[in-house]
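Understanding the architecture of this molecule
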Amino acid sequence: MTTYIIRRLLLMIPTLLGMTFMLFAVVRFAPGLTTSGGQFSSGIMQSRQAQKQEQLIMERRLHLVDKNGRPINLAMQYILWLKSTCEGHLGTSIVYQEPVLTLIEQRLPVTLTINAIAMAVIYLVSLPGGLITALNQGRLIDRGYGFFSLALYSLPVIWLGSTLLGFFANPQYFNWFPSAGLHSTNTGNMTFFRYIADYLYHIVLPIVCSVYGGFAFLSKQIRGSILENLQQDYVRTARAKGLPESTVLVRHVFRNSLLNLITLTGMSLPGLLGGSVIIEQIFSINGMGRLAYTSTLSRDLPVIQDLALVGSVLTLLSYLAVDICYHLADPRVIYD
Amino acid sequence: MSSIELPMRHHRPAAPRSPLRLALDRFLANRLAVVGLIGLCFFVLACYGSLPWTLHTFNHQDLRQALEPPSWQHWMGTDTLGRDLLSRFLLGGAISLLIGIFSALVAVGIGLTVGLVSGYVGGRLDALLMRGVDVLYGLPYILLVILLRVALVGRISDFFTGMGLPHAQGLAGIVVLLVGIGGVSWLTMARVIRSQTMSLVNQPYVEAARATGAKPSRILLRHILPNLVGSVAVYAALTVPNAILAESFLSFLGLGVQPPVPTWGNLAASGVEAINPIHTQWWLITWPCVGLTLALLCLNFLGDALRDALDVRTR
């Protein structure tokens, strides 16, 4: 197994190189990035000299110019970027004037909390949902659940998000929830539990929006794999042995169906870190999605590059994690 | 000679049915799918049938009639510039459906080609193509679309302006979305087609075809492709609603099709802006979202039924 993991990690290197190359190419191909024009200066009340100095520092950081201020060609820019990234130096944001790592550290917990809670809710509904619909295949409850989960899946989040915001966070209708942000203004004098409660209260609407569309896909998958497992020989054997039906279902069918879930869960892990641009935009939450979106709009090159890079690495790692989990869950699966 | 008489059956045995016929039967037995199909036909007829009319009226402004609720004159009301929402809704639907269907076609085209070639040829080429798919899989797709759009929309818009077309910006947005969404949605398709091709290539009948001297092109087109039709149809049907949804997301973020060219996405986006504490002009946001939801619902019912009808595993 160790050799397998090492080999997989080594195999990641060409893929990662390809990703960095793609990223670099796409980002540099986008117009709006020139070495002149002073778009890197942040302050308004600055002397010309200071502005020029700052511009030069930013260009140095982006490896657009060398020590003497001469422009570097594209191939060399790519290599320099790779080199500094491999050494563990992520870039510095032009807009926020802060290291990208700091920005990620600020925003990742927010996105992660919302997504983790949302995912837990989706699984809590979909697992029993899939089980019940599979056991009642073709009956009213199966059809009804299928219909409603698909209907929910078809509701565009733009509409539900803005409608929830318009009706439940609006003094004119129901002012039940806060309309933006993650904290009340007076967090300073709150006890710890008050603080958590306040936080949860603020993320109710965003979580509703992240959750409702997820039931259809997951329930359908679970239903499918349970139906498949119900027809297996070992289920018949278990019933023939005289095991109670509940034991057959839980210990044999359900547990084996969970195997398929590993793949699904692993595939959704990168999305967990990414954050939904739409939801974060509607509810004014400063998470990862919004960071990626605003920095793309403002051509904040280092942030775009490094966010996508971090995302890609995490994606690759989670695929590896899926394969390892597969082995752990089902020792018959052996990689060599 | 035996004199035992076998009892004769009075009815002939049922004619064997083709897999396609069986799939069709399964599909039609699913009532939701039929509802979805009818609904979709209705949308397509309404949106595309009204094109000769809507193409002329969608941008007709009348500021005296701005923000009017639905009436007999304007069935869906009017927007902030006094434009008739019904014609904008219908044209928007036509464009949204076009983006959905066309990006699915782009995705099918690329995914099928890559998957077939990769699965049939194998070896180095397969490894190379699949690494390419891995690379694209790892990159966040929404970022790719946004960057593609930022990179391309200006150039295409200039090209359209050069050709003397009206609304060049909006048209360029449509083209970029078609290519961009299609260009990032073929990855799953390529993987599925590749693995199925690989298992089909080892089937005895393909071997037999090869033994009789059939060329690779004939084997691919006559022997392998027909067996892939099911998966292709399923994935295409699932790509269409996703592409329409992606269009609405991007338009909401201001990165999709630029007004005055309408799509359900940017109509909804401009409706969202109209939700404010003082006056809620519900008709601005309701219609495009109802259209979006119903069309997606029909498409999802269809896709779901197609998957049930054609998926080999559930047979």
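Residues numbered from 1 in each chain as written. Chains lettered and ligands numbered in written order. Predicted model: local features only at pLDDT ≥ 70, side-chain atom pairs only at ≥ 80, totals over all residues.

Let's talk about the overall build of chain B
The criterion, for reference: Strands are runs of DSSP state E lasting at least two residues, helices are runs of H or I lasting at least four, and both sets are numbered from the N terminus onward. Exposure is read from a count of other C-beta atoms within 10 Å of each residue's own; the residue is exposed at 12 or fewer, buried at 20 or more and partly exposed in between. C-beta atoms are placed from the backbone. Distance between backbone-placed C-beta atoms decides contact: two residues are in contact if it is within 7 Å.
Helices and strands together make up the secondary structure of chain B, namely 12 helices and 0 strands. When the elements of chain B are put in sequence order from the N terminus, they spell out α-α-α-α-α-α-α-α-α-α-α-α. Expressed as a percentage of its 315 residues, the buried residues of chain B come to 44%. Sequence separation of at least 24 residues holds for 69% of the intrachain contacts in chain B that already meet a minimum separation of 6.

Considering the overall build of chain A
The helix and strand inventory of chain A stands at 14 helices and 0 strands. Along chain A, helices and strands appear, N-terminal first, in the series α-α-α-α-α-α-α-α-α-α-α-α-α-α. The 336 residues of chain A split such that 30% are buried. Here the analysis covers contacts within chain A between residues at least 6 apart in sequence; of these, 67% occur between residues at least 24 apart.

Some words on the interface of chain B and chain A
Listed per partner, the contact involves 35 residues of chain B and 38 residues of chain A. The set of elements that each furnish at least two residues to the side of chain B that touches chain A consists of α5 (123–138), α6 (141–163), α10 (216–252), α11 (264–273) and α12 (282–310) of chain B. It is α12(B) that provides the largest number of residues to the side of chain B that touches chain A, a total of 9 residues.

Some details on the packing of helix α6 (residues 157–168) of chain A against helix α8 (residues 204–211) of chain A
Residues and elements named next belong to chain A. Note the following rule: Throughout, an axis means a line fitted to C-alpha atoms (over the contacting stretch in the case of helices), and angles, computed between N-to-C directions, take values from 0 to 180 degrees. Note on terminology: angles under 35 degrees are roughly parallel, angles over 145 are roughly antiparallel, angles of 65 to 115 are roughly perpendicular, and the others are oblique. Note on convention: near helix rotated counterclockwise from far helix by under a right angle means a left-handed crossing. Clockwise means right-handed. Under the grouping applied here, Gly and all other residues not named as nonpolar or charged are polar, the nonpolar ones being Ala, Val, Leu, Ile, Met, Phe, Trp, Tyr, Cys and Pro and the charged ones Asp, Glu, Lys and Arg.
Direction vectors running N to C along α6 and α8 enclose 155°, while the axes themselves pass 10 Å from each other. Comparing their axes, α8 and α6 come out roughly antiparallel. Here α6 and α8 pass one another in a crossing that is right-handed. Side by side, α6 and α8 meet where Val157, Leu160, Gly161, Leu164, Leu165 and Phe168 of the first sit next to Leu205, Val208 and Cys209 of the second. Grouping the constituent residues of the contact of α6 with α8 by class yields 8 nonpolar, 1 polar and no charged.

Details of the environment of Trp81(A)
If you trace the backbone, Trp81(A) turns up in helix α3 (residues 74–86). Separated by 57 residues in the primary sequence, Trp81(A) and Phe24(A) place their C-alpha atoms 9.1 Å from one another.

Observations regarding the confidence of the model for chain B
Residues and elements named next belong to chain B. Cut-off, in case you're wondering: Here pLDDT means the predictor's own confidence in every residue, given as a number from 0 to 100.
In the predicted model, chain B carries a mean pLDDT of 80, and the fraction of residues at 70 or more is 89%. Per-residue pLDDT, averaged within each element of chain B, yields its smallest value for helix α3 (residues 51–57) (75) and its largest for helix α4 (residues 85–121) (89). Among the scores for the predicted complex, ipTM is 0.75 and pTM is 0.80.

Thoughts on the nonpolar core
Short version of the rule: Core membership is restricted to buried Ala, Val, Leu, Ile, Met, Phe, Trp, Tyr and Cys residues, and these are joined into a nonpolar core through C-beta atoms within 7 Å.
Of all hydrophobic cores here, the largest spans 132 residues; its most connected members are Leu177(B), Met189(B), Ala268(B), Ala295(B) and Leu302(B). Here this core gets 17 residues from one element, more than from any other, and that element is α12(B).

Some points on helix α8 (residues 187–201) of chain B
Filter applied, for reference: Here a helix's expected span is defined as the number of its residues, less one, multiplied by 1.5 Å.
If you check α8(B), its first and last C-alpha atoms are 21 Å apart, about what 15 residues at 1.5 Å a residue would give, namely 21 Å. Where α8(B) is concerned, the buried positions are Leu187(B), Met189(B), Ala190(B), Ile193(B), Arg194(B), Gln196(B) and Thr197(B).

Details of the environment of Leu294(B)
Note on placement: Leu294(B) falls in helix α12. Each C-alpha atom of the pair Leu294(B) and Leu40(B) lies 8.8 Å from the other, and the pair is 254 residues apart in sequence.

With respect to the packing of helix α4 (residues 100–135) of chain A against helix α5 (residues 140–154) of chain A
Residue and element names in this part refer to chain A. Here α4 crosses α5 at 140°, and the two axes come no closer than 8 Å. The angle between the axes of α4 and α5 places the two elements in the oblique class. Handedness of the α4/α5 crossing: left-handed. The residues of α5 that touch α4, namely those facing Gly129, Ile132 and Thr133, are Ile141, Asp142, Tyr145 and Gly146. Its residues assigned to classes, the contact of α4 with α5 shows 3 nonpolar, 3 polar and 1 charged.

What about the confidence of the model for chain A?
All names here are of chain A. Taken residue by residue, chain A gives an average pLDDT of 79. The fraction at 70 or more is 82%. Mean pLDDT values over the elements of chain A span from 69, in helix α2 (residues 48–61), up to 89, in helix α10 (residues 233–240). Scored below 50 in pLDDT, residues 34–43 shows 16 contacts in the model against residues more than four places distant or in partner chains.

Describing unusual backbone geometry
Not every positive phi belongs to a glycine, and Ser284(A) is a case in point at roughly 50°. With 14 C-beta atoms packed within 10 Å, Ser284(A) lands in the partly exposed category.

A word on helix α9 (residues 215–230) of chain A
In this model α9(A) runs 22 Å from its N-terminal to its C-terminal C-alpha over 16 residues, within 8% of the 22 Å that 1.5 Å per residue would give. If you check which residues of α9(A) are buried, you get Phe215(A), Ala216(A), Leu218(A), Ser219(A), Lys220(A), Ile222(A), Arg223(A), Ser225(A), Ile226(A) and Asn229(A).

What to know about the environment of Ala238(A)
Residues and elements named next belong to chain A. Considering the arrangement of structural elements, one finds Ala238 in helix α10. A count of 19 C-beta atoms within 10 Å places Ala238 in the partly exposed class. In this structure, the C-alpha to C-alpha distance between Ala238 and Leu227, residues 11 residues apart in sequence, is 16 Å. Beyond its immediate chain neighbours, meaning those up to four positions away, Ala238 contacts Leu243, Val248 and His252.

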